[in-house]
Amino acid sequence: MTRVFSGIKPTGPVQLGNLLGALRYWVTDQAEADTIFCVVDLHALTVPQDPAELRARTLELAQLLLAIGIDPAQSTLFIQSHVPEHTELSWILECTAAFGELRRMTQFKDKSDNADFVSAGLFTYPALMAADILLYDTDRVPVGDDQRQHLELSRDLAIRFNHRYGDTFVVPEASIPKIGARVMDLQEPTRKMSKSEDSPQGTILVLDDLDAVAKKIKRAVTDTETDVRFDPATKPGVSNLLSILGACTGDDPHAIAERFDRYGDLKSACAEAVVETLRPIQQRFAELSADPAGTAAILATGAEKARSLARPVLERARANLGLLPPA
Ligand code: TRP
């Protein structure tokens, strides 16, 4: 069976773009693949975090993943820092990566330009990400387009290590959703929906109050003209609403466009579809929040499963590298 691995950082509230652009594919992958999902709390440490907030966000994100339909009976769900093999392999891969190749990572450049504190971890971040992936003999990694370069590096590191030390790692493939499947900001539909701090009215959080969600969609920026057409280049606002509606109902945005003559009707339908998508998620989330011990037990089982998969891969790497085995 195909092994799928992906990770998500506990650094901010999950928004609709994360859900429709990425996380819903995690849920559907469960039926077809051997899926492993990880809340990558160690990656969050590359920038300073408030400890209480990090702890709360990590648990909350795990609960949210369960609430959207990650099923612990079908998937391995765990917290990165619960499986110390990640940090151990990360060091090995830091020594496999070249300084120059890490320096070329555009995300590092973006995040370090103008930052007053740049941790060494921010620089070596992609080696830890490669460790996450390579530890599980991963075949396929669903990630956003912004992670394409990191994925390419993971492949290069696997290939280089295998070449130097003999066959050790499976070389993973990226799976990146098509453009158009991207959810854009409701107020500025030419940019990706991202953090709510930057655009509170343009961003929908998965745990937002549902009345507020409907209002934000009804106030979304549309385009001049009045016809409903799916054409992201010339009609970004309307096309975004069509993509969101399509993602919620499983229909093609072009086909949906034919059902509407007026922006107002499209907005109402989109608002309703989003609200009905989020409602059951919020209900399950509330139940899970009321039982943190239940989540902790699920995560403990997940970490144990993950470790049992990671350990032999790490052993293979250690042996091939020539690290002297302990007696
Ligand atoms: N770097 C990814 C992001 O910012 C998160 C991540 C960490 C990840 N490890 C991973 C994604 C392994 C896929 C596989 O979105």
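Residues numbered from 1 in each chain as written. Predicted model: local features only at pLDDT ≥ 70, side-chain atom pairs only at ≥ 80, totals over all residues. Heavy atoms only, no water.

Novice: Looking at this structure, I do not really get the overall build of the protein. What am I missing?
Specialist: Along the backbone of the protein there are 13 helices and five strands. Radius of gyration (C-alpha) of the protein: 21 Å, near the 20 Å computed for a compact globule of 327 residues. Burial analysis of the protein (327 residues in total) assigns 47% to the buried set. Taking the contacts inside the protein whose residues are at least 6 apart along the sequence as the reference set, 75% of them involve residues at least 24 apart. Put simply, the protein shows about 15,600 Å² of open surface, and 53% of that area lies on carbon and sulfur atoms. Across the protein, the centroid of the 35 positively charged side chains sits 2 Å from that of the 46 negatively charged ones. (Helix = DSSP H or I, 4+ residues; strand = E, 2+ residues; numbered from the N terminus. Rg over C-alpha atoms; globule rule 2.2 N^0.38 Å. Buried < 20%, exposed > 50% of the residue type's maximum accessible area, 1.4 Å probe, protein only. Contact = heavy atoms within 4.5 Å. Areas by Shrake-Rupley, 256 points an atom, 1.4 Å probe, with all protein chains shown as cover. Lys, Arg positive; Asp, Glu negative; His and termini not counted. Charge placed at Lys NZ, Arg CZ, Asp CG, Glu CD.)

Novice: Explain the domain arrangement of the protein to me, please; I cannot follow it from the model alone.
Specialist: As a measure of interface size, the accessible area lost when the parts come together is often cited. Segmenting the protein into domains produces domain 1 (1-178 + 290-319) and domain 2 (194-285). Here the C-alpha centroids of domain 1 and domain 2 sit 30 Å apart. With 12 residues of domain 1 at the interface, the matching set in domain 2 holds 15 residues. Taken together, the two surfaces of domain 1 and domain 2 that pack against each other cover about 1,200 Å², and 76% of this comes from carbon and sulfur. The interface formed by domain 1 and domain 2 includes zero salt bridges. Counting the contacts that link domain 1 with domain 2 gives four residue pairs in polar contact (both at pLDDT 80 or more). Broken down by secondary-structure element, the contributors of at least two residues to the side of domain 1 that touches domain 2 are α1 (16-32) and α3 (51-68). (Domains from an automatic or database assignment. Buried area = accessible area lost by both parts, 1.4 Å probe. Salt bridge = Lys/Arg side-chain N within 4 Å of Asp/Glu carboxyl O. Polar contact = N/O pair within 3.5 Å; in protein donor to acceptor, adjacent residues only side chain to side chain.)

Novice: Can you walk me through the site of the ligand in this structure?
Specialist: Lining the immediate surroundings of the ligand are 13 residues, of which G7, Y125, M129, D132 and Q147 lie closest. Note that a nitrogen atom of the ligand is positioned 2.7 Å from one of the side-chain N or O atoms of Y125. Contacts to the ligand include Q147, whose side-chain N or O atom sits 3.0 Å from a nitrogen atom. Contact with the protein chains hides 90% of the accessible area of the ligand, taken as 370 Å² for the molecule alone. Residue assignment for the shell around the ligand shows that the elements contributing at least two residues are β1 (3-8) and α7 (120-134). Counting residues per element, the shell around the ligand draws most heavily on α7, which supplies four residues. (Near = heavy atom within 4 Å.)

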